[in-house]
Amino acid sequence: MIDIKFIRENKEFVKNEISKKNIDPVIIDEIFNIDIKRREKIQEVENLKAENNKASGEIARLKKEGKNTEDLIKSMKEVSEKIKKLDEELALIEDEFNKKMLFVPNIPHQSVPYGKDEKSNLVVKEYGEKPKFNFKPKPHWEIAEYLDILDDKRAAKITGARFTMYKGMGSLLERALINFMLDVQTKEHGYTEIIPPLLVNRDTMTGTGQLPKLEDDMFKVVDPDYFLIPTSEVPLINIHKDEILKEKDLPLKYTAYTPCFRKEAGSYGKDMKGIVRLHQFNKVELIKFSLPDTSYDELEKLLNDAEEILKRLNLHYRVVLLCTGDMSFASAKTYDIEVWHSGTERFWETSSCSNCTDFQARRARIKYRAKDGKSYFVHTLNGSGLATSRLLPAILENYQTENMEVIIPEVLRSYMGGIDKITKK
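Read on for a plain summary of the structure. (Residues numbered from 1 in each chain as written. Predicted model: local features only at pLDDT ≥ 70, side-chain atom pairs only at ≥ 80, totals over all residues. Heavy atoms only, no water.)

**Description of the environment of V123**
Then step 1. If you trace the backbone, V123 turns up in strand β1 (residues 122-127).
Then step 2. For V123, a relative accessible area of 45% corresponds to the partly exposed category.
Then step 3. In this structure the C-alpha to C-alpha distance between V123 and R312, which are 189 residues apart in sequence, comes to 21 Å.
Then step 4. In this structure V123 touches R318, V319 and V320, once residues within four positions along its chain are discounted. (Helix = DSSP H or I, 4+ residues; strand = E, 2+ residues; numbered from the N terminus. Buried < 20%, exposed > 50% of the residue type's maximum accessible area, 1.4 Å probe, protein only. Contact = heavy atoms within 4.5 Å.)

**What about the side chain of R390?**
Then step 1. On the secondary structure map, R390 appears in helix α12 (residues 388-398).
Then step 2. Of the side chains with opposite charge, E349 lies nearest to the buried R390, which makes no salt bridge, at 4.9 Å.
Then step 3. Among the polar contacts listed, one links the side chain of R390 to the backbone oxygen of V276, at a separation of 2.6 Å.
Then step 4. Filtering out sequence-adjacent residues up to four positions away, R390 remains in contact with V276, H341, W348, E349 and T350. (Lys, Arg positive; Asp, Glu negative; His and termini not counted. Salt bridge = Lys/Arg side-chain N within 4 Å of Asp/Glu carboxyl O. Polar contact = N/O pair within 3.5 Å; in protein donor to acceptor, adjacent residues only side chain to side chain.)

**With respect to the sheet that holds strand β7 (residues 252-261)**
Then step 1. Pairing is mixed across the open sheet formed by 8 strands, whose spatial order is β1-β9-β10-β11-β14-β8-β7-β2. For this open sheet the edge positions go to β1 and β2 (192-193), each flanked by a neighbour on one side alone.
Then step 2. Each of β1, β8 (280-290), β9 (317-321), β10 (333-341), β11 (346-355) and β14 (379-387) is contacted by helix α10 (residues 295-312), which is oriented at about 10° to β14, the strand it contacts most.
Then step 3. Across the face of the sheet, α12 comes into contact with β8, β10, β11 and β14 while running at roughly 30° to β10. (Pairing = 2+ DSSP bridges. Axes fitted to C-alpha atoms, helices over the stretch in contact; angles between N-to-C directions.)

**Quick notes on the packing of helix α5 (residues 140-147) against α12**
Then step 1. Where α5 meets α12, the closest approach of the two axes is 9 Å, and the angle between their N-to-C directions is 80°. The angle between α5 and α12 falls in the class roughly perpendicular. Where α5 approaches α12, its residues H140, I143 and A144 are matched on the opposing element by P393, L396 and E397.
Then step 2. The residue makeup of the contact of α5 with α12, split by class, is 4 nonpolar, 1 polar and 1 charged. (Parallel < 35°, antiparallel > 145°, perpendicular 65-115°, else oblique. Nonpolar A, V, L, I, M, F, W, Y, C, P; charged D, E, K, R; others polar.)

**What about the pairing of β14?**
Then step 1. When you tally the buried positions in β14, you get 9 out of 9 residues, the bulk of the element.
Then step 2. Pairing of β11 with β14, which is carried by 3 bridges, proceeds in the antiparallel orientation. For N355, the partnering residue across the bridge sits in β14 and is L381.

**Remarks on the environment of R162**
Then step 1. Within the secondary structure layout, R162 lies in the loop between α6 (152-158) and α7 (169-188).
Then step 2. Considering only alpha carbons, one finds R162 and V276, 114 residues apart in sequence, at a separation of 9.3 Å.
Then step 3. At 3.4 Å, the side chain of R162 and the backbone oxygen of R277 are in polar contact.

**Focus on the nonpolar core**
Then step 1. Counting residues in each nonpolar core, the largest one holds 49 residues, and the members touching the most others are L313, L315 and L391.
Then step 2. If you list the elements that add at least two residues to this core, you get α5, α7, β8, α10, β9, β10, β14 and α12.
Then step 3. The biggest single contributor to this core is α7, with 9 residues.
Then step 4. With residues up to four places along the chain from it excluded, the contact list for L391 reads L177, M181, I309, L310, L313, L315, T350 and L386. (Core = buried A, V, L, I, M, F, W, Y, C linked by side-chain atoms within 4.5 Å.)

**Some thoughts on the sheet that holds strand β12 (residues 367-369)**
Then step 1. Ordered in space as β6-β12-β13, the 3 strands form an open sheet in which the pairing is mixed. The sheet terminates laterally at β6 (244-246) and β13 (375-377), the two strands that pair on one side only. Adjacent strand axes in the sheet meet at a mean angle of 40° when their direction is disregarded.
Then step 2. With 3 bridges connecting them, β12 and β13 associate as antiparallel partners. Within the sheet, the bridge partner assigned to Y368 lies in β13 and is Y376.

**Side note on the pattern of salt bridges**
Then step 1. In this structure the tally under the stated criterion is 35 salt bridges.
Then step 2. Its salt-bridge partner being D35, residue R8 comes within 2.6 Å of it at the nearest N-O pair. Highlighted residues: R8 in helix α1 (residues 4-9) and D35 in helix α3 (residues 26-64), separated in sequence by 27 residues.
Then step 3. The class of R8 is partly exposed, set by a relative accessible area of 26%.
Then step 4. Here E285 makes a salt bridge to K283, at a shortest N to O gap of 2.4 Å.
Then step 5. A single network of salt bridges, built from pairs that share partners, joins R8, D35, R38, R39 and E94.

Here it is in structure tokens:
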């Protein structure tokens with residue numbers, strides 16, 4: 001959420017910046033006008049309350065002097081009725097104001113390139129080279145079917161389209177990836193591991209910006225009013241909801257492995273093969289709570305922490321700086337890490353690392369106590385570290401052999417009991 005004071009003082013700037021995110025700037029005019037009515041109503045209520053307080057003191061004085069207070073008491077009751085009516089009107093205005101504010105996105109950082117969509121994203125770095133084969137590499141779903149390690153058909157029978165079932169060596173490889181990533185982030189990069197709830201309430205989803213804008217993309221439980229998490233960013237950020245942190249403890253760093261649940265958009269048949277676009281997928285998430293002055297430095301470190309996983313797996317990838325029109329609602333600056341998949345001959349996003357500045361902290365009411373004794377909003381950062389539904393296919397496609405066996409990356413072998421190759425039974 002953006003500070004309303006900032007909107008008041010920089011109305012045209014805010015309108016221009018959110019339009020870069022393809023948001024109609026008219027919402028700022030609407031908020032500005034509602035805010036004027038809201039402040040006028042607040043002032044009117046405060047004036048009447050001050051009048052009532054003055055009358056109350058006058059009544060006490062007159063009673064002490066034995067004088068008649070009947071007319072003053074009658075007048076005071078009339079003022080109280082006015083206050084009650086104005087409070088009801090103010091509550092409606094406040095509700096409208098708050099609902100509008102929740103649809104205003106975060107403002108892009110000045111270093112973010114302008115653009116309407118992903119065509120304007122910038123590749124800022126690359127690592128490694130595309131693997132070379134003396135045969136035509138196959139897509140991961142053909143390899144997985146041949147090796148009998150993923151079963152989309154039975155998953156569809158159990159639930160429906162865009163689900164998969166890991167089997168045998170597929171399950172072991174998935175678990176190895178998760179444990180490897182958690183070990184690197186906790187033992188080497190200083191993140192504290194969390195196992196959070198997979199169901200969260202409406203206020204929690206609102207705190208990170210998924211609600212109200214993205215409610216239709218979420219899997220929802222009707223009773224009680226809970227949501228399956230689309231990413232563990234949601235519960236991890238809300239660990240410190242309604243808290244004031246200590247400045248000396250920042251940055252705080254958390255990581256978690258969870259299943260994630262999303263209603264993937266798109267027409268039937270698009271990216272339906274394989275596991276790169278599922279309704280349920282596994283991901284290791286990285287979260288930081290940072291001081292405002294250092295949050296963009298922390299973003300670069302977060303990016304490096306995610307990249308390290310791919311470097312150790314020896315996978316070719318590139319880092320892309322997202323343009324204004326391709327960024328998420330809550331983000332001020334985002335890097336995507338895209339990994340090369342040899343079988344499908346394309347890059348797939350495997351991680352997204354973002355600085356949300358104080359946008360989520362305002363919604364979730366997360367502050368820190370500074371040395372001057374005052375409390376300020378923290379900055380929040382999040383990054384995939386990484387999504388296995390993109391990582392496992394990359395391994396299958398980039399480490400395949402001509403006879404559709406899969407070489408296990410060296411760093412994963414100790415997590416797989418020393419197995420160095422997946423072969424057909």
